[in-house]
Amino acid sequence: MERNFPIQCADFDRLVTDSVEGVRVEVSGMPDLSDPCFYADREYSWLQFNDRVLEEALDARNPLLERVKFLSIFGSNLDEFFMVRVSGVQKRITEGTKEDRVDELAQEQLQVIREELLRQLPINDNCWNEVLEPALRENGIKVLNYFELSGEDREKLRDYFERNIFPLLTPLGFDSGHPFPHISNLSLNLAVLIDDLDYGERFARVKIPPMFSRLIVVPEEGQEKITSSFDELKTGRFVWLEQLIAANLDLLFPGQRILGAYPFRITRDADLGFDEDGDKDLLTAVKQRVGRNYFGPAVRLETDHTMPERVSEILLKNLELTPPLMFRSAAPLGLSSLMKLAQINRPELKYEPFEQKKHSRMLIKKTFFFSLKKERYPSLSSL
């Protein structure tokens, strides 16, 4: 039986027919392989992949601490996406010409990226704020906001702050007499507004020391030392490091009135951009590019959703970023740091270890085969 399957392709004025195993295929026109509609956008496809990672964080069938890991991975993936992929799009914009439409196409691509992220990021915020954080509390793992702590808890943490964190903080002011400070890639910072009696409102940046865990353990009653080993814990109370610092800024700015402190985080271009043909000496190429890209241009600004517009405008201007590359968050910034939380010693909230699964499967097989042997060879029953 002969069947016809007309296939419509791009505009082409000839008919191609063929016969394969008695089936006649009609093709009207041949596709124009240079037409972009035939290809998936690489950056958009990558975002769709990361969206599936976020879905795993939301999937209640996964153990709770594994879902926390997935949310952390979603964040670290986005960091890499901006450092490499978005930075590449930005370069095409700055280096493109109107003649080859590179600039126009890259602008369109950047718009698609932003639209997709504006869909995903509220889901990310909600996943932490409304799903995972409350579920962790129900299981005795309480990630608290600073205002939830008792006066006694705050005193203990202030003492910890004075002895361990305060000596490492260096606030940098920004005004007509001080240049805007360099802000390193993926660093978490506080934009601090100060009401100066002599100069009025002033802006200062405080970098959150990266050597500390983002989540500080709140000591329990009778406990003096604050532990940093999460794998020793089964339950616990934690507070965000940036909130602890913000609550004790009076020690950094004595005699000044603190108007507000707003977390922000930036991502810089870290695409090494190797030329596979031209870079004969790989080690030399790495050394040259690592130094250059550490100070590469900013490609993303993340801010707390409470940051006033006048503060975000200061950041955008001095980081030489456009508003489409700024993203506000209702969740703590840099949730990739949640991976530390997954170290808590709660096996029932994690996947069963692979080796244990493998051992269990082998045990089942051995039991099954031994049972068969006993049926076939009754003398084995006495073993």
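Here the structure is shown first, and the text comes after it.
Residues numbered from 1 in each chain as written. Predicted model: local features only at pLDDT ≥ 70, side-chain atom pairs only at ≥ 80, totals over all residues. Heavy atoms only, no water.

## Structural notes on the overall build of the chain
- Scanning the chain for helices and strands turns up 8 helices and 12 strands.
- Buried positions account for 40% of the 383 residues belonging to the chain.
- In the chain, 67% of the contacts between residues at least 6 apart in sequence involve partners at least 24 apart.
- Of the roughly 22,500 Å² that the chain leaves accessible, carbon and sulfur atoms contribute 54%. (Helix = DSSP H or I, 4+ residues; strand = E, 2+ residues; numbered from the N terminus. Buried < 20%, exposed > 50% of the residue type's maximum accessible area, 1.4 Å probe, protein only. Contact = heavy atoms within 4.5 Å. Areas by Shrake-Rupley, 256 points an atom, 1.4 Å probe, with all protein chains shown as cover.)

## Notes on the packing of aromatic side chains
- Under the criterion given, the structure shown has 10 aromatic pairs.
- Here W46 and F49 contribute two aromatic rings whose centre-to-centre distance is 6.3 Å and whose plane-to-plane angle is 70°, an arrangement assigned as edge-to-face. Taken as a pair, W46 and F49 lie in helix α1 (residues 42-58) at a separation of 3 residues, close to a single helical turn.
- Here the aromatic rings of F174 and F180 are separated by 5.3 Å at their centres, their planes lie at 85°, and the arrangement is edge-to-face.
- Clustering of aromatic rings is evident, with ring pairs tying together W46, F49, F81, F82 and F327.
- The aromatic ring of F327 is capped on one face by R114, whose charged end is 5.3 Å from the ring centroid.
- Looking at K340, its charged tip hangs above the ring of F230, at a distance of 5.1 Å from the centre. (Phe/Tyr/Trp six-rings, centres within 6.5 Å; stacked < 30°, edge-to-face > 60°. Lys NZ or Arg CZ within 6 Å of the ring centre and 35° of its normal.)

## What to know about the pairing of strand β12 (residues 326-329)
- Two strands pair when backbone bridges link them, and strand β11 (residues 298-304) and β12 are joined in this way by 4 bridges, in the parallel orientation. Counterpart to T303 in the pairing with β12 is R328.
- Traced from β11 through helix α7 (residues 309-319) to β12, the parallel crossover comes out right-handed. (Pairing = 2+ DSSP bridges. Right-handed = clockwise from strand over helix to strand, strands pointing away.)

## Observations regarding the nonpolar core
- Counting 88 residues, the largest nonpolar core has W128, I245 and L341 as its most contacted members.
- Contacts of I245, omitting those with residues within four sequence positions, involve F161, I165, L169, L190, V206, I208 and P209. (Core = buried A, V, L, I, M, F, W, Y, C linked by side-chain atoms within 4.5 Å.)

## Considering the pattern of salt bridges
- Applying the stated criterion to the full structure yields 23 salt bridges.
- Put simply, E43 and R42 hold a salt bridge, and the shortest N to O gap is 3.1 Å.
- By relative accessible area, which is 3% here, E43 ends up buried.
- Note that R137 is salt-bridged to E133, the shortest N-O span being 2.3 Å. Placement of both R137 and E133 in helix α3 (residues 102-138) is noted, with a separation of 4 residues, approximately one turn of the helix.
- Overall, the relative accessible area of 27% leaves R137 in the partly exposed class. (Salt bridge = Lys/Arg side-chain N within 4 Å of Asp/Glu carboxyl O.)

## Considerations on helix α4 (residues 151-165)
- Taking 1.5 Å per residue as the helical rise, α4 with its 15 residues ought to reach 21 Å, and the 20 Å between its terminal C-alpha atoms agrees with that figure.
- Its buried side turned inward, α4 meets β8 (215-218), β9 (236-240) and α5 (241-247). (Expected span 1.5 Å × (residues − 1).)

## So, the sheet that holds β8
- With mixed pairing, the 3 strands of this open sheet are ordered in space as β4-β9-β8. Two strands lie at the open edges of the sheet, namely β4 (141-144) and β8, each paired on one side alone. Strand-to-strand twist across the sheet, computed as the mean angle between neighbouring axes with direction ignored, equals 35°.
- Both β4 and β9 contribute to a ladder of 4 bridges, which runs parallel. What sits directly across from V143, in β9, is F238. (Axes fitted to C-alpha atoms, helices over the stretch in contact; angles between N-to-C directions.)

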